[in-house]
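# Working through the structure, step by step
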Amino acid sequence: MQNLIDGIVRAIQLLFQGDPEVVRITLLSLKVSGVATLISILIGLPLGTFLALVKFRSRQFWISLINTGMALPPVVVGLVVSIFLWRSGPLGALKLIYTPAAIVIAQVLISFPLAAGLTISSLQQLDPRLRVQLLGLGASKFQMILSLWKEARLALVAALIAAFGSVISEVGASMMVGGNLKGSTRVLTTAIVLETSRGEFASAIALSIILLGLAFLVNFALTTLQQRRK
Amino acid sequence: MTSLLEIHDLLVKADQTVILDLTELVVEKDEVLVVVGPNGAGKSTLLQVVAGLKKYSSGSVKFKDAPDLTDLAYRRKISTVYQSPLLLSGTVESNIGQGLKFRGIPEKEIRRRVEYWMEQLHISHLAKRRSGSLSGGEAQRVSLARAFCLETELILMDEPFSALDTPTQLELLRDLREIFSRTNQTCIYVTHDLEEGLAIGDRVAVLFKGHLHQLDSVSHVFSHPNTPEVAAFVGVENIIPGKVEKQLEDLVQVRANGSLFDVVSDLTPGKPVFICLRPEDITLYNIPEEVKPSSARNRLHCRVTQLINQGPLTRVLLEAGFNLTALVTRPSAKEMGLEVGKEVIAVFKSTAIHLIESSTELRN
């Protein structure tokens, strides 16, 4: 119990003191996960839209694959990305292992199936006749898709929230491909793991509060966007 | 009259099943062409083809000078109204202006047209309402306004009122007919409800199982159906196969199931035909009473097999060597003492019968 109280007191101190290391870790977490989420949406939204709207022979297979990807364990992703980015790996020449870029790559692989899968389900929830109606009103294919996105915006923002949530809270892959290097690839989750392993519960709790606060703020902003009428 | 849309030798298949097989169908400018037929007749498929939303196996569909039906420029020359209004989220006015926005029409013009058509469809007071809060009738008015405000050369309507309750349906039908009469809007109006079609159409195309059975003025289809299927669809309940036996002066005699019918027709003897007789054109008499001499030339001895009360009327099912249905008022049925097993005389005029030439020879 004392640990918890100490942790909260320490967290308040850290927050108000503006500890440069904590600020740096927080900003890096936000940056890495933000960029990963953005890339996931840029891949997942068009891919999900394509799979939701276009019928072709192997569509069911691809949708199943995406759905499986939604439950991909981060450590497995970490392992695969590590193998590829390892100095002697196929992409070793890029020298990305233990860099923030490696974390972004791993996080994109974790979150884009979520973005794609939730896009598929949100568009498939719309009345299928709506597409015919939009085309009948003279919409171009692109205008039709924009209108469908607009109609499904509540569910699409939920996809964005889920994608961000999956990466900001993820630790396994970040640890494996980022290495938790101080001043370079240490993010909130990996720092919490480190502090806990050192027995520095107060710092770990402080960082956890910051992580939760950050997740709440981003989700609050997205939820406000989602619930805004028109 | 100039034609707006010409369909020739159109064949639409799904897998190997023929859904639509039309030799010719021409839609004239300024007309409301009603396409009627039961479920599975291919009506909605026809509309989808014309809308450029369904591919066809062979044939040609030409809309004036449009080279390709799936072309966006062509699709923007037509607008559609479906059974379900399928409104987007947002306000009524934003929904009505949606098609114009797709076309990149300036905001000022959009506002002008939206206001005008909201007024025409009596929904100006709903302008700021959200689409989700509308009743079925209101939503369908929005859907109509959305289609009309595009001011396209052709509007396609697919059972627009079939999901509405009867009073709302009648009200909308009345308003729509008024708009058609004022605007000279060309429209293909699909319905399975013949009465709705009769109320709104200039011409009627009757489809069965993907084939066009008849294309005529509304009144002509009603009075002169040209196949037994069309006859049944327009309410002819007595369709009896027979053969022209004799030609009399201005009349022919048709033999059917052992009885002879006098019919006003110029068909030549030997022709297999269907005798079409509406139940309301049959007058019943009790047998002990002498049937007074009248101009009605056809009299049949029948036996009542069933009585079905339908509001103020009674449908009388009769057996005369073949089944016959007559329609009498309930007081008449009561006064005549009609009951199952009673023998009566059915009388009808030779002009009440419409003959349809049969393409198949009767076996005997």
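Residues numbered from 1 in each chain as written. Chains lettered and ligands numbered in written order. Predicted model: local features only at pLDDT ≥ 70, side-chain atom pairs only at ≥ 80, totals over all residues. Heavy atoms only, no water.

### What about the sheet that holds strand β12 (residues 259-263) of chain B?
Residue and element names in this part refer to chain B. Filter applied, for reference: The criterion for strand pairing is that DSSP finds at least two bridges linking the strands in question. Think of it this way: any DSSP run of H or I at least four residues long counts as a helix, any run of E at least two long counts as a strand, and we number them from the N terminus. Lines fitted to C-alpha atoms define the axes, with helix axes restricted to the stretch in contact, and inter-axis angles between N-to-C directions lie between 0 and 180 degrees.
Taken in spatial order, the 5 strands make up an open sheet running β12-β11-β10-β13-β19, and their pairing is antiparallel. Strands with a single pairing partner mark the edges of an open sheet, and in this sheet they are β12 and β19 (354-357). The average undirected angle you get between the axes of adjacent strands in this sheet is 40°.

### Re the packing of aromatic side chains
All names here are of chain B. To keep it simple, the criterion reads: Only Phe, Tyr and Trp rings are paired, with Trp represented by its six-membered ring, and only when their centres lie within 6.5 Å; those with planes under 30 degrees apart are stacked, over 60 edge-to-face, the remainder tilted. Relative accessibility under 20% of the residue-type maximum defines a buried residue, over 50% an exposed one, and the middle range a partly exposed one, all with a 1.4 Å probe and only protein chains included. When the NZ atom of lysine or the CZ atom of arginine is within 6 Å of a ring's centre and also within 35 degrees of its normal, the charge is said to sit over that ring.
Evaluation of the coordinates by the stated rule reveals 12 aromatic pairs over all chains. Ring centres of Phe63 and Tyr74 lie 5.2 Å apart, and the angle between their planes is 70°; on these two criteria the pair is classed as edge-to-face. Of this pair, Phe63 sits in strand β4 (residues 58-63) while Tyr74 sits in helix α2 (residues 72-75), placing them 11 residues apart in sequence. Since its relative accessible area comes to 0%, Phe63 is described here as buried. Among the residues examined, Tyr74 registers a relative accessible area of 1% and is labelled buried. Centroid distance Tyr116 to Trp117: 5.2 Å. Interplanar angle 85°. Geometry classified as edge-to-face. Judged by relative accessible area, which is 38%, Tyr116 ranks as partly exposed. Aromatic rings pair up to connect Tyr116, Trp117, Phe148 and Phe180 into one cluster. Cation over ring: Arg278 sits above Phe222, and NZ or CZ is 4.1 Å from the ring centre.

### Considerations on the sheet that holds strand β17 (residues 323-329) of chain B
All names here are of chain B. In space, the 5 strands of this open sheet follow the order β14-β18-β15-β16-β17, with antiparallel pairing throughout. Both edges of this open sheet fall to β14 (283-286) and β17, since each of them pairs with a single strand only. Averaged over all neighbouring strand pairs, the angle between strand axes comes to 45°, with direction disregarded.

### Structural notes on the interface of chain A and chain B
The condition that has to hold: Any pair of residues with heavy atoms lying within 4.5 Å of one another is described as a contacting pair. The quantity reported as buried area is the accessible area (1.4 Å probe) lost by two parts once they are put together, taken as the sum for both. Salt-bridge detection follows one rule: a side-chain nitrogen of Lys or Arg within 4 Å of a carboxyl oxygen of Asp or Glu. Polar contact criterion, stated in full: a pair of N or O atoms within 3.5 Å, where within protein one must be able to donate a hydrogen and the other to accept it, and residues adjacent in sequence count only if both atoms are side-chain atoms.
Contact residues are listed per partner, giving 18 residues for chain A and 21 residues for chain B. Both sides of the chain A and chain B interface together cover about 1800 Å² of buried area, and 56% of this is carbon and sulfur. Area buried by chain A at its contact with chain B is led by Gln133, Leu137 and Glu151 of chain A, which between them contribute 34% of it. On inspection of chain A and its partner chain B, the count reaches 0 salt bridges. At the surface where chain A touches chain B, the tally comes to 8 residue pairs in polar contact (both at pLDDT 80 or more). Counting residues per element, the ones that place at least two in the side of chain A that touches chain B are α6 (129-136) and α7 (141-151) of chain A. For the side of chain A that touches chain B, the element with the highest residue contribution is α6 of chain A, accounting for 7 residues.

### Thoughts on the pattern of salt bridges
Taken as a whole and judged by the stated rule, the model has 20 salt bridges over all chains. Taken together, the shared-partner salt bridges connect Glu109, Arg112, Arg113 and Glu151 of chain B into one network.

### Describing a nonpolar patch on the surface
Condition: For patch building, the residue pool is restricted to those with more than 30% relative accessible area and no salt bridge; the joining distance is 9 Å between like charges and 5 Å between nonpolar side chains (Val, Leu, Ile, Met, Phe, Trp, Tyr). Only the protein chains shown count as covering a residue, and every accessible area follows the Shrake-Rupley method with a 1.4 Å probe.
A cluster of nonpolar side chains, namely Met1, Leu4, Ile5, Ile8, Val9, Ile12, Leu15, Phe16 and Ile209 of chain A, defines an oily patch on the protein surface of about 890 Å² accessible area. Relative to the assigned elements, Ile209 of chain A resides in helix α11 (residues 201-227).

### A short note on the domain arrangement of chain B
All names here are of chain B. As a reminder of what qualifies: Note that domain bounds follow an automatic or database assignment of domains.
Domain boundaries assigned for chain B yield domain 1 (3-231) and domain 2 (236-357). Relative to domain 2, the C-alpha centre of domain 1 lies at a distance of 39 Å. Domain 1 puts 8 residues into the contact, and the matching count from domain 2 is 7 residues. Between domain 1 and domain 2, the buried area comes to about 610 Å², and carbon and sulfur atoms account for 65% of it. In this structure, the connection of domain 1 to domain 2 is made through 0 salt bridges. Taken together, the links from domain 1 to domain 2 amount to 3 residue pairs in polar contact (both at pLDDT 80 or more). Counting residues per element, the ones that place at least two in the side of domain 1 that touches domain 2 are α9 (218-223) and α10 (228-233).

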